[in-house]
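# Chains, contacts and geometry: an overview
Listed below, chain by chain, are the residues.
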Amino acid sequence: EAQVTQNPRYLITVTGKKLTVTCSQNMNHEYMSWYRQDPGLGLRQIYYSMNVEVTDKGDVPEGYKVSRKEKRNFPLILESPSPNQTSLYFCASSPGVLNTDTQYFGPGTRLTVL
Amino acid sequence: RKEVEQDPGPFNVPEGATVAFNCTYSNSASQSFFWYRQDCRKEPKLLMSVYSSGNEDGRFTAQLNRASQYISLLIRDSKLSDSATYLCVVNPSTRGGGNKLTFGTGTQLKVEL
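These lines cover the structure that appears in this document, whether it is placed above or below.

Cut-off values and rules
Residues numbered from 1 in each chain as written. Chains lettered and ligands numbered in written order. Predicted model: local features only at pLDDT ≥ 70, side-chain atom pairs only at ≥ 80, totals over all residues. Heavy atoms only, no water. Pairing = 2+ DSSP bridges. Helix = DSSP H or I, 4+ residues; strand = E, 2+ residues; numbered from the N terminus. Buried < 20%, exposed > 50% of the residue type's maximum accessible area, 1.4 Å probe, protein only. Contact = heavy atoms within 4.5 Å. Buried area = accessible area lost by both parts, 1.4 Å probe. Salt bridge = Lys/Arg side-chain N within 4 Å of Asp/Glu carboxyl O. Polar contact = N/O pair within 3.5 Å; in protein donor to acceptor, adjacent residues only side chain to side chain. Nonpolar A, V, L, I, M, F, W, Y, C, P; charged D, E, K, R; others polar.

### Comments concerning the sheet that holds strand 7 (residues 65–66) of chain A
Strands belonging to one sheet form pairs held by backbone hydrogen bonds; the direction of such a pair is parallel or antiparallel. All names here are of chain A. Strand order in the open sheet formed by four strands is 1-3-8-7, and the pairing between neighbours is antiparallel. The open sheet terminates on both sides in strands that have one partner only, identified here as strand 1 (4–7) and strand 7. In terms of strand pairing, strand 1 meets strand 3 (residues 19–25) through four bridges, oriented antiparallel. Residue pairing across strands places Asn 7 opposite Thr 22, the latter belonging to strand 3.

Right under this line is the structure:
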């Protein structure tokens with residue numbers, strides 16, 4: 001089944017404890033992206049990647065890191081999480097980088113930072 | 001001004017009603033437009049793309065007005081299963097920058113018996 005997977009789905013952690021949220025897609029998609037969703041603000045892009053070893057900042061990159069060593073994986077790293085990073089996170093992928101390409105979203109990771 | 005603005009609702013409508021949502025966007029250079037549907041606490045899923053000529057998919061019709069910079073979604077004969085949040089999505093990229101999506105905050109629809 002073609003899909004985008006994220007792990008963990010739910011995470012409660014404490015300020016300053018490094019964490020990684022994994023994202024994997026099995027559709028051989030070139031483009032991958034991370035979004036966060038907060039009430040009243042909608043989904044906002046954190047980072048994106050147009051191909052292996054190519055990553056760039058989205059609208060809200062502060063406090064996050066990403067890597068794209070393999071085409072299928074695009075982990076999101078929080079080196080020192082803070083409470084303002086409590087949010088619902090979505091990973092997405094699309095076949096190419098054209099602005100008409102449909103994006104497919106993972107099921108989401110609900111993160112709480114205490 | 002937000003890049004993409006929607007009325008948050010909620011819109012409470014009886015089953016079988018016709019309901020319309022509008023959305024405005026600020027970047028006149030935007031190239032692609034979509035409606036996504038999001039069920040409570042789940043991932044957004046593409047409902048339909050929006051073309052200048054308008055497009056229809058069953059009970060759903062989407063329209064784009066570039067001159068006024070707004071997008072609409074019409075749902076006819078609404079079903080209980082249409083209850084969800086509808087996200088207006090704009091892709092401002094022409095080249096470079098990849099496939100970045102800018103989301104509205106969503107309009108909540110509740111269809112009732």
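### A look at unusual backbone geometry
Here the residue pair Asn7(A) and Pro8(A) is connected by a cis peptide bond, since its omega of -5° sits within 30 degrees of zero. Position of Pro8(A) among the secondary structure elements: in the loop between strand 1 and strand 2 (10–13). Cis geometry marks the peptide bond from Gly9(B) to Pro10(B); its omega dihedral reads 10°. Topologically, Pro10(B) is positioned in the loop between strand 1 (4–6) and strand 2 (11–14). Look at Asn28(A): it is not a glycine, yet its phi comes out positive at around 60°. By relative accessible area, Asn28(A) is classed as exposed at 55%. Its identity as a non-glycine residue notwithstanding, Arg41(B) has a phi of 65°, on the positive side. Examined against the element boundaries, Arg41(B) turns out to sit in the loop between strand 4 (32–38) and strand 5 (45–50). A residue is classified by how much of its surface remains accessible, and Arg41(B), at 58% relative accessible area, is exposed.

### Let's talk about the interface of chain B and chain A
Taken together, the 23 residues of chain B in the interface contact 25 residues of chain A. Both sides of the chain B and chain A interface together cover about 1800 Å² of buried area, and 50% of this is carbon and sulfur. At the boundary of chain B and chain A, one finds zero salt bridges. Here chain B and chain A share three residue pairs in polar contact (both at pLDDT 80 or more) between them. Contributing elements (two or more residues each) for the side of chain B that touches chain A: strand 4 and strand 9 (84–91) of chain B. When residues of the side of chain B that touches chain A are assigned to their parent elements, the largest contribution, four residues, is made by strand 4 of chain B. For the side of chain B that touches chain A, the per-class residue count stands at seven nonpolar, eleven polar and five charged.

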